[in-house]
Every structure is written in structure tokens, then in C-alpha cells.
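So the chains spell out like this:
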Amino acid sequence: MAEYVVEFGRDGGRVEPDGRLDAPAFHRNHVPIWAALEKHLTGLTGNVVELGSGTGQHVVYFARHTPGLIWWPSDLNQRHLKSIEAWRVHTGLANIRSPLRIDLTDPDWCEEMKSGQAPTSLAAVFCANVIHIAPWAVAEGLFAGAGRYLRPDGGKLFLYGPFKRDGKHTALSNAVFDTSLREGNPEWGVRDISDVELLARGAGLRLVDTIDMPANNLTLVFER
């Protein structure tokens, strides 16, 4: 399996005795991300899977705002999984489940979903800052699973991060970032919306909203 996980907690950030990690990016972006999700999630009930939950801070924030939704965080990195579970226990929120170990190179995502131990009819899927720091196979597996597990009555997939539009970067800073990613790993890089849309169509999803975000990021909303 290709190495693609960016690991939190090794950058000098705070690590609590129980394993909770603190990501500076969470403090910068959780409010605008929630503003983008809110209009689509308010009033929904059911299950939501977060792919690549990292420290677990985002899922806690979102769960507090959506008591009608049950959140299933996930990650591949063991240190992240420990942090997610520690945040879940620390907050005591009843609508967050223990994290799943999901490998997005597997279109089935994880054994629990194949066996029915985790929900396979999802109201939504949320994924932030993953597909540009991973091989393209991760994006392919992400959409394959979303197409399989999202409810047919309008289940939604939210993708947050930097994207290109029509083959062009939306900002010079994104172009510089893309170059640095590809120099570090040629399988990584900022993805083009048109390429992502092609994957979505193959999975039975369509792009229904594109939301401009701070720091030259976007939130793409796909619907089944």
C-alpha cells in the first residue's frame, strides 16, 4: 500500500496524556467548513462517515451541531485513531461512534462496512484535505465507496481542500503548494475539479454545489 498519510502530532503540537492531538488547521478552518456544511446537513437524520478524520476535532465540532446525525469518524493512521477515540471519550457526545480504520484504496473501505457492523446507508460523507496528499487510487476508492454507501434519496459527499479549475490553479499559492507536493511524491498533487467530477459520475454522483472557502480552498458537494 502506498504511503500517503500526513501524520498529526509530530510537528511539535500539543499532545494530551490521553492521546488527544491538536491540529492548528482545525482552529483555522472548522468554522467556515461548518458554514458550508450547515445548509446541507441541517435537519438531516441518519449516519455520516468522515473520511480521514485526523485528530478527531472536526467530527466533535460537527456532531455538537447535528444532534440528529450519528457520526462515524475514520482514519488509517494508528496515532490518529487513538486521538479520535480520545476526543470522543473526552467530549462524551452520544452521536459519535468509535473510529473506523478505513483504507480508501479499498473501494469497500473497511471490513465493518462489508460485514454490516457499520452503516451502509449513509446520509452523508465528509472528507477534508485527503485526495491531494494521496495517490489517485485513494480518490477512486473514495468515490467508489460513496457511490455504494450513500443513500439513493439524495445522500451527499462533501470534499474540502484545494482544487484546480479547468486545468488551472485558482491561486499562485496553490500552484506553489502543488509543485511542492509533486516534488515530494509524484503521486500526490492538487486535483482538477473536472477529473473529480468524472469519478463522481462513474459512481452515480453529480456535483450540485461549489463553495468558495478561505485560503483558496473549495468545498465540493456531490449528491447521489
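Keep in mind it's a predicted model, so treat the numbers as computed, not measured. (Residues numbered from 1 in each chain as written. Predicted model: local features only at pLDDT ≥ 70, side-chain atom pairs only at ≥ 80, totals over all residues. Heavy atoms only, no water.)

Chemist: Would you mind going over the pattern of salt bridges with me for this structure?
Modeler: A side chain with one charge can pair with a side chain of the opposite charge if their charged atoms come near. Under the counting rule described, the total for this entry stands at 10 salt bridges. Lys114 serves as the salt-bridge partner of Glu111, at 3.6 Å between the closest nitrogen and oxygen. A residue pair is termed a helical-turn pair when its members lie 3 or 4 positions apart in one helix, as Glu111 and Lys114 do in helix H4 (residues 111-115) at 3 residues. Residue Lys114 is classed as partly exposed on the basis of its relative accessible area, which comes to 45%. Where Asp178 meets Arg182, a salt bridge forms, and the shortest distance between an N and an O atom there is 2.9 Å. On the criterion of helical spacing, the pair formed by Asp178 and Arg182 is a turn pair, its members being 4 residues apart in helix H6 (residues 172-184). Given the relative accessible area of 7%, Asp178 is considered buried. (Salt bridge = Lys/Arg side-chain N within 4 Å of Asp/Glu carboxyl O. Helix = DSSP H or I, 4+ residues; strand = E, 2+ residues; numbered from the N terminus. Buried < 20%, exposed > 50% of the residue type's maximum accessible area, 1.4 Å probe, protein only.)

Chemist: Before we go on, may I ask you to explain the nonpolar core in this structure?
Modeler: Core analysis: the largest hydrophobic core is formed by 35 residues, its most contacted members being Trp109, Phe143, Leu157 and Leu159. The residues contacting Phe143, other than those within four sequence positions of it, are Leu157, Leu159, Val196, Leu199, Ala200, Ala203, Leu205 and Phe222. Membership of the second largest hydrophobic core comes to 27 residues, among which are Phe62, Ala124, Ile211 and Met213. (Core = buried A, V, L, I, M, F, W, Y, C linked by side-chain atoms within 4.5 Å. Contact = heavy atoms within 4.5 Å.)

Chemist: When you look at the sheet that holds strand E2 (residues 69-72) in this model, what are you seeing that I'm missing?
Modeler: Adjacent strands of a sheet pair through backbone hydrogen bonds, lying either parallel or antiparallel. Taken in spatial order, the 6 strands line up as E2-E1-E5-E6-E11-E10 in an open sheet, and their pairing is mixed. Looking at strand neighbours, the two that pair on one side only are E2 and strand E10 (206-213), the edges of this open sheet. Neighbour to neighbour, the strand axes of the sheet diverge by 20° on average, direction disregarded. Of the strand pairs in this sheet, strand E5 (residues 124-128) and strand E6 (residues 156-161) are connected by 5 bridges, and their pairing is parallel. (Pairing = 2+ DSSP bridges. Axes fitted to C-alpha atoms, helices over the stretch in contact; angles between N-to-C directions.)

On their own, these measurements won't tell you what the molecule is for.
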